Amino acid sequence: MWRHLRPLAALALLMPSLSAMALPGFSEVRAAHRPSDAWLLARDGTPIAALRLDRTVRRLPWVPLGEIAPALRRAVLASEDKRFLEHAGVDWQAAAAGAWSNLRHEKTRGASTISMQLAGLLDAESRRKGRRKLVEKLDQAAAALRLEQSWSKNQILEAYLNLAPFRGELEGVAAMSRGLFGKWPQGLDEQEAALAAALLRAPNAGAAVVARRACALLREMRREALCHDLDAVAATTLANVLHRADQTPPLAPHLAQKLLTRPGERRRSTLDADLQRFADETLRRHLRALDKHKVEDGAVLVADNATGEILAWVGSSGELSDAAAVDGVTALRQAGSTLKPFLYGMAFARRDLTAASLIEDAPLTLATGNGLYAPQNYEPEHRGWISARTALAASLNVPAVKTLVRLGADEFQQGLRRFGFDSLTESGDWYGYSLALGSADVSLLALANAYRTLANAGRWSALRATPDANAAPCRGEHCGAFAGAPRQALAATASFLVGDILADRAARAGSFGLESWLATPYWSAAKTGTSKDMRDNWCAGYSRRYTVAVWVGNASGAAMHEVSGIAGAAPVWREVMDWLHRGDDAGRRRTPSAPPAAPPGLIARDVRFESSPRVQAEPPRREWFIAGTERSIVRVAAQKSLARIRYPAQGTVIALDPDIPPGRQRLPLQLSSRAETGWQWRMDGKPAGRAGRSNRWLPQPGKHRLALVDATEVELDAVSFEVRALRGKRRDH
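Read on for a plain summary of the structure. (Residues numbered from 1 in each chain as written. Predicted model: local features only at pLDDT ≥ 70, side-chain atom pairs only at ≥ 80, totals over all residues. Heavy atoms only, no water.)

The next point concerns helix α10 (residues 173–181). Most of α10 is tucked away: 9 of the 9 residues are buried. Within two residues after α10, G182 carries a phi angle of roughly 70°, on the positive side. (Buried < 20%, exposed > 50% of the residue type's maximum accessible area, 1.4 Å probe, protein only. Helix = DSSP H or I, 4+ residues; strand = E, 2+ residues; numbered from the N terminus.)

In this section: the sheet that holds strand β17 (residues 525–530). Here 5 strands make up an open sheet; going across it, the order is β8-β7-β19-β18-β17 and the pairing antiparallel. The strands lining the two open edges of the sheet, one partner per strand, are β8 (310–314) and β17. Taken over all neighbouring pairs, the strand axes of this sheet differ in orientation by 5° on average, direction set aside. Inspection of the sheet shows strand β7 (residues 297–304) paired to β8 by 4 bridges, in the antiparallel sense. Following the sheet pairing, L301 is matched in β8 by W313. Sitting on the sheet, helix α15 (residues 273–289) is in contact with β7, β8 and β19 (546–553), with an inclination near 35° to β8. Helix α21 (residues 444–455) rests against β7, β8, β17, β18 (536–542) and β19 of the sheet, and its axis sits at about 30° to β18. (Pairing = 2+ DSSP bridges. Axes fitted to C-alpha atoms, helices over the stretch in contact; angles between N-to-C directions. Contact = heavy atoms within 4.5 Å.)

A word on the packing of helix α4 (residues 70–80) against helix α9 (residues 153–163). Viewed as axis vectors pointing N to C, α4 and α9 meet at an angle of 90°, and their least axial separation amounts to 12 Å. By the criterion of interaxial angle, the relationship of α4 to α9 is roughly perpendicular. For the pair α4 and α9, the contacting residues are R73, V76, L77 and E80 in the first and L157, Y160 and L161 in the second. Considering only residue class, the contact of α4 with α9 consists of 5 nonpolar, no polar and 2 charged. (Parallel < 35°, antiparallel > 145°, perpendicular 65-115°, else oblique. Nonpolar A, V, L, I, M, F, W, Y, C, P; charged D, E, K, R; others polar.)

What follows concerns the packing of aromatic side chains. One pass over the structure, following the stated rule, counts 12 aromatic pairs. Ring plane angle 45° and centroid distance 6.4 Å describe the contact between Y344 and F348, whose orientation is recorded as tilted. Of the two residues, Y344 and F348 are both situated in helix α16 (residues 340–349); the distance of 4 residues between them amounts to about one turn of the helix. Of the two residues examined, Y344 and F348, each falls in the buried class. Taking the centre distance of 5.0 Å and the plane angle of 90° together, the rings of W430 and Y431 count as edge-to-face. Residue W430 is classed as exposed on the basis of its relative accessible area of 57%. Three or more aromatic residues link up through ring pairs in this structure, and these residues are F342, F419, F421 and Y451. The ring of F84 has K153 lying over it, and the distance from NZ or CZ to the ring centre is 4.5 Å. For the cation-ring pair, R487 lies above W460, with the distance from its terminal atom to the ring centre recorded as 3.9 Å. (Phe/Tyr/Trp six-rings, centres within 6.5 Å; stacked < 30°, edge-to-face > 60°. Lys NZ or Arg CZ within 6 Å of the ring centre and 35° of its normal.)

A few words now on the environment of A78. Position of A78 relative to the elements: it lies in helix α4. Taking relative accessible area as the criterion, A78 reaches 16% and is therefore assigned buried. Spatially, the C-alpha atom of A78 lies 7.5 Å from that of M221, the residues being 143 residues apart in sequence.

Summarising the element assignment, S112 is placed in the loop between α5 (92–103) and α6 (114–122). S112 has contacts with E80, Q117, K137 and Q140, leaving out every residue within four places of it along the chain.

So, on to the environment of L260. Tracing the sequence through the fold places L260 in the loop between α14 (253–259) and β6 (266–268). L260 sits 220 residues away from L40 along the chain, and the two C-alpha atoms are 7.1 Å apart. Not counting chain neighbours up to four residues away, the residues in contact with L260 comprise A38, W39, L40, L51, L53, E265 and R267.

Using the criterion set out here, one finds 1 disulfide in the structure. Across a sulfur-sulfur distance of 2.1 Å, C215 and C227 are joined as a disulfide pair. Disulfide C215-C227: the torsion about the S-S bond is 115°, which places it as right-handed. With C215 in helix α12 (residues 207–220) and C227 in the loop between α12 and α13 (230–239), this residue pair connects regions lying 12 residues apart in the sequence. What makes C215 buried here is its relative accessible area of 10%. Accessibility expressed as a relative area gives 15% for C227, which makes it buried. (Disulfide = S-S within 2.5 Å.)

What follows covers the sheet that holds strand β4 (residues 165–167). Strand order in the open sheet formed by 3 strands is β3-β5-β4, with mixed pairing between adjacent strands. What marks the edges here is a single partner per strand, and that holds for β3 (58–59) and β4.

Now for the pairing of β8. With 5 of its 5 residues buried, β8 lies for the most part within the structure. Linkage of β7 to β8, two consecutive antiparallel strands, is achieved through a turn of 5 residues, within which G308 is found at a positive phi near 80°.

Residues F342, F348, F412 and F421 are the most contacted members of the largest nonpolar core, which totals 90 residues. Element by element, the count of residues in this core is highest for α21, at 8 residues. One finds L65, A69, A194 and L199 within the second-largest nonpolar core, a separate group that totals 58 residues. (Core = buried A, V, L, I, M, F, W, Y, C linked by side-chain atoms within 4.5 Å.)

Before going further, it helps to spend a moment on unusual backbone geometry. Among all residues except glycine, the phi angle is most often negative; among peptide bonds, the trans geometry is most common. The backbone of R222 sits at a positive phi, close to 60°, despite the residue not being glycine. Residue position: R222 is located in the loop between α12 and α13. Judged by its relative accessible area of 77%, R222 falls in the exposed class. Positive phi outside glycine occurs at R351, with the angle close to 65°. Mapped onto the secondary structure, R351 falls in the loop between α16 and β10 (358–361).

Looking now at the side chain of T520. Counting through the fold element by element, T520 comes out in the loop between α23 (505–512) and β17. Since its relative accessible area comes to 6%, T520 is described here as buried. At a separation of 2.5 Å, a polar atom in the side chain of T520 contacts the main-chain carbonyl oxygen of Y522. In this structure, T520 is in contact with R505, W573 and R574, ignoring residues within four places of it in sequence. (Polar contact = N/O pair within 3.5 Å; in protein donor to acceptor, adjacent residues only side chain to side chain.)

Turning our eyes to something else, we now look at the packing of α16 against helix α22 (residues 492–502). Each pair of packed helices gets described by two things: the angle between the helix axes and the distance between those axes. α22 packs onto α16 with a crossing angle of 135° between their chain directions and a minimal axis gap of 8 Å. With respect to each other, α16 and α22 are oriented oblique. Between α16 and α22 lies a crossing of right-handed hand. Each of P341, G345, F348 and A349 in α16 lies in contact with α22, whose residues at this interface are A494, L497, V498, I501 and L502. (Left-handed = near helix turned anticlockwise from the far one by under 90°.)

Glancing now at the pattern of salt bridges. Counted by the stated rule, this structure contains 34 salt bridges. For the salt bridge of D37 with R58, the shortest nitrogen-to-oxygen distance reads 3.2 Å. Separated by 21 residues along the polypeptide, D37 in strand β1 (residues 37–41) and R58 in strand β3 bring together distant segments of the chain. Among the charged side chains, a salt-bridge network with shared partners connects R389, D500, D504, E618, R621 and E623. (Salt bridge = Lys/Arg side-chain N within 4 Å of Asp/Glu carboxyl O.)

Given below as structure tokens:
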């Protein structure tokens, strides 16, 4: 009977539908294979995250035949094509037997060889057109004969195993093996191989049917003993299908979401796989310890100071979080006290303050357009007159607000933008005095790069997460950390002063003690921060080579219970920083961190603080000064007062009543304290009288700017306000 089928094959070879189809070569098919996933690689090529991008099918990388278990190859050949190595593409004997069975109306296993099935998998066009079964079989037979003329048997079997559908959306031997058995194909045993081969004939059959067919195959292969407990194995295996994730460790899922765009992509990042794993585990361990304090989320970013390469990007606490998909590295949260170093740095650069300048830490109330603002320290008591070094290191709030009053909110906001905080889109006046205490929303990403800027002598440059410096791993978020030309955000002298203060454990001892999480055995500069109602806490800092930034809080915005920056984020920061500077297995220190050398323009002087009834003197010390600001003795009287304008407040809108004579609507120009000798008012740039006297200004409709200047014409404070004229009609009396 089979001899009579040979003319059918000859006829198939002449069919125009197939003779016109160009069969691809093996190399072409293999090169065109695209996994449904994409992979993020560490800097050394280690896979650290997989991302499913093609949702129509689950396909993993192509597996060479030599990496597929011999047990699976034997089972597939026994199940699908016993004479695969003997025929030339069509098994005429099986075809004849199948035809005879059809004539007798008996069930048959079919006569499609592996070569014919592969031809069908390659001929996607015929599958789309839905050809009749007989025509499709003839097409496949002709294609199989041609395929065997140009492909080797091993190539045909390899391609078939990589393209065949096994179960549901699992396509190819790699997806099947990983999805069902949790291993690569070379690890499949004979029992698993029989189950896999049984799926080729009935990909969506129930577990009992698959087990029965696999057992029949094992008997045929004289491995009947392996049928024991096959029902249970099949039930367990098939119950897990589509629920078992790709087994690439999900070390950097958030960065993978930002960088991977094409199925099959394998993109190298700058991440260090070992550091990424350590930072992730450290964050989770500390968050578990804080469980009773109602905190579940956190994020960590590590950057190389010199290159800007991101070495670790931990976006969340994973299974500990109810919002694990939220990336804490790019999410905007209130910055807390982490902005204070930039405030003092700008005041140093403008020479409004030195590290030895005395600022009074005392109760303060400021008038604003929305009422009175009274900043409070983290601890309720005030310390009186203290140096700027102590105020910054101890993170005192009142001195910071007084420094902002002197610097100006607009100038501070613009300075923060130079540091890369592109989320600060409003004017400084919009944020108000609370900007000194971190009321603005920033990302951990921008914060880390801003501290890295301090580490680099005030020189800002873009971060990068891939070897390609032009690839920004963000879409839609604030991406300023990855774009922009290098710029000098702060003078090198001022940056050095800030770093020297943040590294001074004696200066911060009053608030944090001498042995806190910030007190490293190597040189480092760090600052913590806690936002309003303990909704966020931070720790950011740097050594000579690395910058580490940590956020701890709740993605929902819920408040934590008694968790400050030193208790929540700082322990994670310290462990990651220690890992970066620890010795290796041979006892060599991985990366030493010595104090940086002072840049040109700085002078070291012994300084003494003069005591008085108003001042509790700080101990004498060696202090750094920007050239031209140095002094040996510091007195309260010698300090430039942190002057401010009490009235009108910033943003005030004043309405003129047409029923009141203009002379009775003069505005009082008021200071918060006694004026110094020589201070003057300037209204819209013009002299408006001596400050401190009972000055009353005749208002004019429009927008105005009131400034306070000292005897040398240096502006001490300024506010903007508006005068409006109400419409009305004067009444005759």
